[in-house]
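# Architecture and fold: a report
Listed here are the chains, written in short residue letters.
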Amino acid sequence: MSSDRMISGDSGRTAPPAHRALGTPQGVGAPLTRSAVFLVLVVADGDDALGAVREVLSDLAGLVKTVGFRDPQNPVSCTVGIGSRIWTELTGRERPAELHPFREIAGAAHTAVATPGDLLFHIRSDRQDLCFELERLLLDAFGASVTTADEVSGFRYFDTRDLLGFVDGTANPVGAELPESTLVGDEDPAFAGGSYVVVQKYLHPLAAWRALTTEQQEQIIGRTKADGVELDDAAEGQKSHKTLTTITGDDGGEHDILRDNMPFGRPGHGEFGTYFIGYSRHLWVIERMLERMFVGDPPGLHDRILDFSTAHTGTAFFVPSTAILDAL
């Protein structure tokens, strides 16, 4: 199964089964919802701020239940990621093996920027008001201990399309492949059941994109626009987005990630975007995808989707198991 849309959302999937004897994961593989909030926070310096954050995180499940009780037929979920800057002070543990700040990737034409962020909250529900309410309660609970670095409300667009018009995430892992692709295992046993996550906010100049023909758009993406069928990879020269985001290991096997991207926008302000969020068992997989996109493969032939998608943020986190959150 090939990796797919780096800056596009995904199709529905089932929640992951139990992953051997790993710590219980957070809801990384929760089904695709109609609404989502992506909230990135920076924690203030000092022990008081860290103490307040610990208190809120240790009762995160209680806040989720408080909001979810309003409509049991439309569940709300919240996945939290913790950045490397505060990881050790907040948790009292050494960092997970691959956790480090998001590394800026500068290509000849485009740059994957690195921006601040200590906490990520990925809030999901089919009801936008439930996402809003949970975010409000979280920020009220944190008070002055945090500041908001980024806040985006996403929505499902027609049949899981992005604002560029393409069906999104058709190659996401499903079934048994889902935990194998997203959850840390025996390679880092102290953090088994956790997941690495990267977020980026992309903005699109839609007028320029729409000036292309459908065939030109399909060659850039590597799929047909109407039904998402994969096109053949280029034998040489410029590669499509689909090809550049397909990562193969030394053993020849492909490394998938889970995307839960969503469109967002404000037409009155000319703002149209995609919020990329990728969960992975290994942070290096997402980093290699970004290197291939922004630097090019071969170098100089960058992903042409970046000519119509500008990255305005970039942050990396680790999503700990529920046992680590409970231990706070």
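Up top you'll find the structure we're talking about.
An account of the accompanying structure is given in this report. Remember, it's a predicted structure, so these values are computed and weren't measured experimentally. (Residues numbered from 1 in each chain as written. Predicted model: local features only at pLDDT ≥ 70, side-chain atom pairs only at ≥ 80, totals over all residues. Heavy atoms only, no water.)

So, about the nonpolar core. Core analysis: the largest hydrophobic core is formed by 62 residues, its most contacted members being Leu-119, Phe-121, Leu-138 and Phe-142. With seven residues, helix α9 (residues 283-294) is the largest single contributor of residues to this core. Counting residues in hydrophobic clusters, the runner-up holds 18 residues, among them Val-40, Val-197, Met-262 and Tyr-279. (Core = buried A, V, L, I, M, F, W, Y, C linked by side-chain atoms within 4.5 Å. Buried < 20%, exposed > 50% of the residue type's maximum accessible area, 1.4 Å probe, protein only. Helix = DSSP H or I, 4+ residues; strand = E, 2+ residues; numbered from the N terminus.)

In this section: unusual backbone geometry. Note the cis peptide between Asp-297 and Pro-298, where omega equals 5°. Looking at where Pro-298 falls in the secondary structure, it is placed in the loop between α9 and β13 (310-311). Even without a glycine there, the phi angle at Phe-158 is positive, about 50°. Within the secondary structure, Phe-158 is located in the loop between β6 (146-155) and α5 (177-182).

Right, let's talk about the packing of helix α1 (residues 47-58) against helix α3 (residues 84-91) for a bit. Helix-helix packing is described using two parameters, namely the angle between the two axes and the distance between the axes. Following both chains from N to C, one finds α1 and α3 inclined at 80°, their axes separated by 10 Å at the closest point. One finds that α1 runs roughly perpendicular with respect to α3. Taking contact as the criterion, the partners of Leu-50, Val-53, Arg-54 and Leu-57 in α1 are, on α3, Ile-86, Glu-89 and Leu-90. Across the contact of α1 with α3, the residue classes break down as five nonpolar, no polar and two charged. (Axes fitted to C-alpha atoms, helices over the stretch in contact; angles between N-to-C directions. Parallel < 35°, antiparallel > 145°, perpendicular 65-115°, else oblique. Contact = heavy atoms within 4.5 Å. Nonpolar A, V, L, I, M, F, W, Y, C, P; charged D, E, K, R; others polar.)

For the structure shown, the criterion picks out ten aromatic pairs. Judged by centre distance (5.7 Å) and plane angle (85°), the ring pair of Trp-87 and Phe-318 falls under edge-to-face. Placement of Trp-87 in helix α3 and of Phe-318 in strand β14 (residues 315-319) is noted, with a sequence separation of 231 residues between them. Take Trp-87 and Phe-318: they sit in the same class, and that class is buried. On the basis of an interplanar angle of 55° and a centroid distance of 5.7 Å, the ring pair of Phe-121 and Phe-142 is categorised as tilted. (Phe/Tyr/Trp six-rings, centres within 6.5 Å; stacked < 30°, edge-to-face > 60°.)

Turning our eyes to something else, we now look at the side chain of Ser-240. Here Ser-240 shows up in the loop between α7 (214-221) and α8 (241-244). When its relative accessible area of 10% is taken as the criterion, Ser-240 is described as buried. Ignoring sequence-local partners within four residues, the contact set of Ser-240 consists of Gln-219, Ile-220, Ile-221 and Gly-222.

In this section: the environment of Leu-130. Relative to the elements of secondary structure, Leu-130 occurs in helix α4 (residues 128-142). Residue classification places Leu-130 among the buried residues on the basis of a relative accessible area of 2%. For the pair Leu-130 and Asp-71, spaced 59 residues apart in the sequence, the C-alpha separation amounts to 8.7 Å. Excluding residues that lie within four positions of it along the chain, Leu-130 makes contacts with Val-67, Arg-70, Asp-71, Asn-74, Val-76 and Ser-125.

Taken as a whole and assessed by the stated rule, the structure comprises 18 salt bridges. Of the charged contacts, one joins Asp-118 and Arg-85 as a salt bridge, the two residues approaching to 2.7 Å between their closest N and O atoms. Taken as a pair, Asp-118 in the loop between β4 (111-112) and β5 (119-125) and Arg-85 in helix α3 lie far apart in primary sequence, 33 residues in all. Judged by relative accessible area, Asp-118 falls into the buried class, the value being 2%. Residue Asp-129 pairs with Arg-127 through a salt bridge whose shortest N-O separation is 2.5 Å. Residue classification places Asp-129 among the partly exposed residues on the basis of a relative accessible area of 39%. (Salt bridge = Lys/Arg side-chain N within 4 Å of Asp/Glu carboxyl O.)

Attention now goes to the packing of α1 against α4. Interhelical geometry of α1 versus α4 gives an angle of 145° and a closest axis separation of 9 Å. As for how α1 packs across α4, the hand of that crossing is right-handed. Only Leu-138, Ala-141 and Phe-142 of α4 make contact with α1, whose side of the interface consists of Val-53, Val-56 and Leu-57. Counted by class, the contact of α1 with α4 contains six nonpolar, no polar and no charged residues. (Left-handed = near helix turned anticlockwise from the far one by under 90°.)

Turning to the environment of Gly-193, a few remarks are in order. Within the secondary structure, Gly-193 is located in the loop between α5 and β7 (195-203). Note: C-alpha distance between Gly-193 and Gly-270 (77 residues apart in sequence) is 40 Å.

Looking at where Ser-84 falls in the secondary structure, it is placed in helix α3. Once residues lying within four places of it in the same chain are set aside, the contact partners of Ser-84 are Arg-95, Leu-99, His-100 and Pro-101.

So, on to the pairing of strand β1 (residues 35-43). Buried residues dominate β1, accounting for eight of its nine residues. Sheet analysis places β1 next to β5, joined by seven bridges and oriented antiparallel. Residue Leu-39 lies in a different strand from β5, and its bridge partner there is Phe-121. (Pairing = 2+ DSSP bridges.)

Right, let's talk about α7 for a bit. Among the residues of α7, Gln-217, Glu-218, Ile-220 and Ile-221 are the ones counted as buried. All buried residues of α7 fall inside an arc of 160° around its axis, so they share one side. Residues of α7 that are buried make contact with α6 (206-210) and α8. (Arc of directions from axis to C-beta.)

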